[in-house]
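Chain residues, written in single-letter form:
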Amino acid sequence: MRLVSHGAGGGPDVLSIGEGPVPTPGPQDVLIAVHYAGVNGPDIVQRKGRYPPPPGASPVLGLEVSGSIATVGADVTRWKVGDTVCALTPGGGYAEFCVAPAAHCLPLPGGFDPERAAAIPENFFTVWTNLIERARLAKGESVLIHGGSGGIGYSAIQVAKAWGATVIATVGNAEKETFARSVGADHVINYRTQDFVEEARRIVDARGIDVILDMVGGDYFKKNLGLLALEGRLVQIAFQQGSKVAELDLMPVMMRRLTITGSTLRAQPAQNKARIAEGLLTYLWPLFATGKLRVVIHRVFGFEDVVAAHVMMEAGQHLGKLLLRLR
Ligand SMILES: NC(=O)c1ccc[n+]([C@@H]2O[C@H](COP(=O)([O-])OP(=O)(O)OC[C@H]3O[C@@H](n4cnc5c(N)ncnc54)[C@H](OP(=O)(O)O)[C@@H]3O)[C@@H](O)[C@H]2O)c1
């Protein structure tokens, strides 16, 4: 089969179309003939050699796909050959065929085609487990979502809105501001022209913010802690500005009974991801089917244009999702 190779790793130019054997599914896996694969932030980090695949996972990039099931493992009863699914994969999505655990596959939501469905898994698995399971976001609470125009950010805004929260998002320019509002953010802060701490305080008054979803880290960490309300929760899903913080005063954690948590999706045991998939199916799939949740696809690239897809991802000017079309 054809696949995207990232060789020894490096800049986008290391990506090339190569060939490799079609993977063999284990007893609880399925083999998917991939139609579309999502391009995600973690793919960039893996391509650079800083995010090795977990043991046993394909070394090929690609954490989510849509396509039709080509083979089912010996113990799989839920799916049959020919079913169309979208799936969270442990790797290997940038290829004509990809293996995924059967429990990490989902049917396409009502009215969705494979293109739109491919844009769901990585973002919505991540948002569900961090915002709803981990941070326990509840109706009527306030949430601050950093990086509100990226794949995770625009998904988080929608889920938080659907949960009945007041949503504040940070973005880096006016176009992204309009986009974040268009997917439901109640308040949008341009962190390049405004002080997000001051603005967020103005919006929520002295009460503070109940939940913060952060992918920036660095000097945002202390600022986020300072903004949290009594019993507030900070969820860290990336550290784009670094994970080291100097001279940190943790007194607010005790005095305001804060929770600092975080997670990475890929490293989690298969049963955790299966539980998250069930959560999506039960709670989010009906919202996709009625249009309350939607995917926004910024651009679909041909398989051969994978370099351009990564250049665009790294430039960071996209609004929503980037996809690869495999067939
Ligand atoms: N923990 C997990 O399980 C998990 C899962 C998936 C992704 N991630 C991570 O989450 C991050 C987002 O992923 P994605 O796929 O949504 O990528 P993406 O579409 O490229 O989004 C990245 C966002 O970060 C914002 N950003 C970058 N630098 C920033 C800064 N200094 N201050 C504020 N915002 C900044 C960008 O917006 P502006 O241009 O407006 O700054 C952009 O919206 C990545 O770092 C990825 O590795 C983590």
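Note that the coordinates shown come from a computational prediction; the quantities given were computed from them, not determined experimentally. (Residues numbered from 1 in each chain as written. Predicted model: local features only at pLDDT ≥ 70, side-chain atom pairs only at ≥ 80, totals over all residues. Heavy atoms only, no water.)

How should a nonpolar patch on the surface be read in this particular structure?
Together, Val245, Leu248, Leu250 and Ile260 make up a nonpolar patch on the protein surface, roughly 280 Å² of accessible area in all. With respect to the helices, strands and loops of the structure, Ile260 is situated in strand β13 (residues 259-262). (Patch = residues over 30% accessible without salt bridge, like charges linked within 9 Å, V, L, I, M, F, W, Y side chains within 5 Å. Areas by Shrake-Rupley, 256 points an atom, 1.4 Å probe, with all protein chains shown as cover. Salt bridge = Lys/Arg side-chain N within 4 Å of Asp/Glu carboxyl O. Helix = DSSP H or I, 4+ residues; strand = E, 2+ residues; numbered from the N terminus.)

I'm lost on unusual backbone geometry in this one. Help?
Phi is positive for Asp205, which is not a glycine, with a value near 60°. For Asp205, a relative accessible area of 56% corresponds to the exposed category. One non-glycine residue with positive phi stands out, namely Arg257, at about 55°. Inspection of the secondary structure assignment puts Arg257 in the loop between α8 (251-255) and β13. Here Arg257 falls in the partly exposed class, since its relative accessible area comes to 43%. (Buried < 20%, exposed > 50% of the residue type's maximum accessible area, 1.4 Å probe, protein only.)

Help me understand the sheet that holds strand β9 (residues 166-171), please; the structure alone is not making it clear to me.
Strands belonging to one sheet form pairs held by backbone hydrogen bonds; the direction of such a pair is parallel or antiparallel. What the six strands build is an open sheet, ordered β10-β9-β8-β11-β12-β13; its pairing is parallel. The open sheet terminates on both sides in strands that have one partner only, identified here as β10 (187-190) and β13. Neighbour-to-neighbour, the strand axes of this sheet turn through a mean angle of 15°, independent of strand direction. In this sheet, strand β11 (residues 209-214) lies alongside strand β8 (residues 142-145) in parallel orientation, the contact comprising three bridges. Paired with Leu144 across the two strands is Ile212, which belongs to β11. Seen against the sheet, helix α4 (residues 151-162) touches β8, β9 and β11 and runs at an angle of roughly 170° to β8. (Pairing = 2+ DSSP bridges. Axes fitted to C-alpha atoms, helices over the stretch in contact; angles between N-to-C directions. Contact = heavy atoms within 4.5 Å.)

What is the right way to read the site of the ligand from this model?
Taken together, 26 residues lie around the ligand, and Gly172, Lys176, Tyr191, Ser263 and Leu265 are the ones closest in. Residue Tyr191 places a side-chain N or O atom 2.3 Å away from an oxygen atom belonging to the ligand. Between Leu265 and the ligand, the recorded distance is 2.8 Å, taken from a backbone N or O atom to an oxygen atom. Coverage of the ligand by the protein amounts to 87% of the 890 Å² it exposes when considered alone. When contributions to the shell around the ligand are tallied by element, the ones reaching two or more residues are α1 (41-47), α3 (121-134) and α4. Both domain 1 (2-120 + 266-325) and domain 2 (124-262) contribute no fewer than three residues apiece to the shell around the ligand. (Near = heavy atom within 4 Å. Polar contact = N/O pair within 3.5 Å; in protein donor to acceptor, adjacent residues only side chain to side chain. Domains from an automatic or database assignment.)

Explanation requested: helix α10 (residues 306-315) in the structure shown.
Think of an α-helix as 3.6 residues a turn; residues three or four steps apart then line up on the same face. Those residues of α10 that sit buried are Val306, Ala309, His310, Met312 and Met313. Around the axis of α10, the buried residues are gathered within 160° of arc, so they sit on the same side. Where α10 is buried, its residues contact β1 (2-5), β3 (29-39), α1, β14 (297-302) and β15 (321-325). Backbone geometry just downstream of α10 places Gly316 in the positive-phi region, at approximately 75°. (Arc of directions from axis to C-beta.)

What is the right way to read the environment of Ala229 from this model?
Locating Ala229 in the fold gives a position in strand β12 (residues 228-236). Here Ala229 falls in the buried class, since its relative accessible area comes to 2%. Sequence separation of Ala229 and Gly208 is 21 residues, and the distance between their C-alpha atoms is 4.0 Å. In this structure Ala229 touches Arg207, Gly208, Ile209, Asp210, Arg256 and Leu258, once residues within four positions along its chain are discounted.

It is not clear to me how the packing of α3 against α4 should be interpreted in this structure. Could you clarify?
Interaxial distance between α3 and α4 falls to 9 Å at its minimum, and their mutual angle equals 55°. When the axes of α3 and α4 are compared, the pair comes out oblique. In this structure, α3 crosses over α4, and the sense of that crossing is right-handed. Of the residues in α4, those touching α3 at Glu122, Asn123, Phe124, Thr126, Val127, Leu131 and Ile132 are Gly151, Ile152, Tyr154, Ser155, Ala156, Gln158, Val159 and Ala160. Looking at the contact of α3 with α4 residue by residue, the class counts come to nine nonpolar, five polar and one charged. (Parallel < 35°, antiparallel > 145°, perpendicular 65-115°, else oblique. Left-handed = near helix turned anticlockwise from the far one by under 90°. Nonpolar A, V, L, I, M, F, W, Y, C, P; charged D, E, K, R; others polar.)

I'm lost on the side chain of Gln46 in this one. Help?
By the secondary structure assignment, Gln46 is in helix α1. When near neighbours in sequence (up to four residues on either side) are disregarded, Gln46 contacts His6, Tyr51, Pro53, Pro59, Val60, Leu61 and Arg266.

It is not clear to me how the packing of aromatic side chains should be interpreted in this structure. Could you clarify?
Geometry of an aromatic ring pair is reported as the spacing of the ring centres plus the angle between the planes. Within the structure shown, the criterion is met by eight aromatic pairs. Judged by centre distance (4.7 Å) and plane angle (45°), the rings of Phe196 and Tyr220 are tilted. With Phe196 in helix α6 (residues 196-204) and Tyr220 in helix α7 (residues 220-227), the pair connects residues that are 24 residues apart, well separated along the chain. Each member of the pair, Phe196 together with Tyr220, is buried. Pairing Trp285 with Phe288 gives two aromatic rings, centres 5.5 Å apart and planes at 90°, and the pair type is edge-to-face. Placement of the pair is Trp285 and Phe288 together in helix α9 (residues 270-289), with a separation of three residues, close to one helical turn. Each of the two residues, Trp285 as well as Phe288, counts as buried. Sitting above the plane of the Phe112 ring, Arg116 keeps its charged end 4.0 Å from the centroid. Positioned above the aromatic ring of Phe97 is the side chain of Arg327, whose terminal nitrogen or guanidinium carbon lies 4.9 Å from the ring centre. (Phe/Tyr/Trp six-rings, centres within 6.5 Å; stacked < 30°, edge-to-face > 60°. Lys NZ or Arg CZ within 6 Å of the ring centre and 35° of its normal.)

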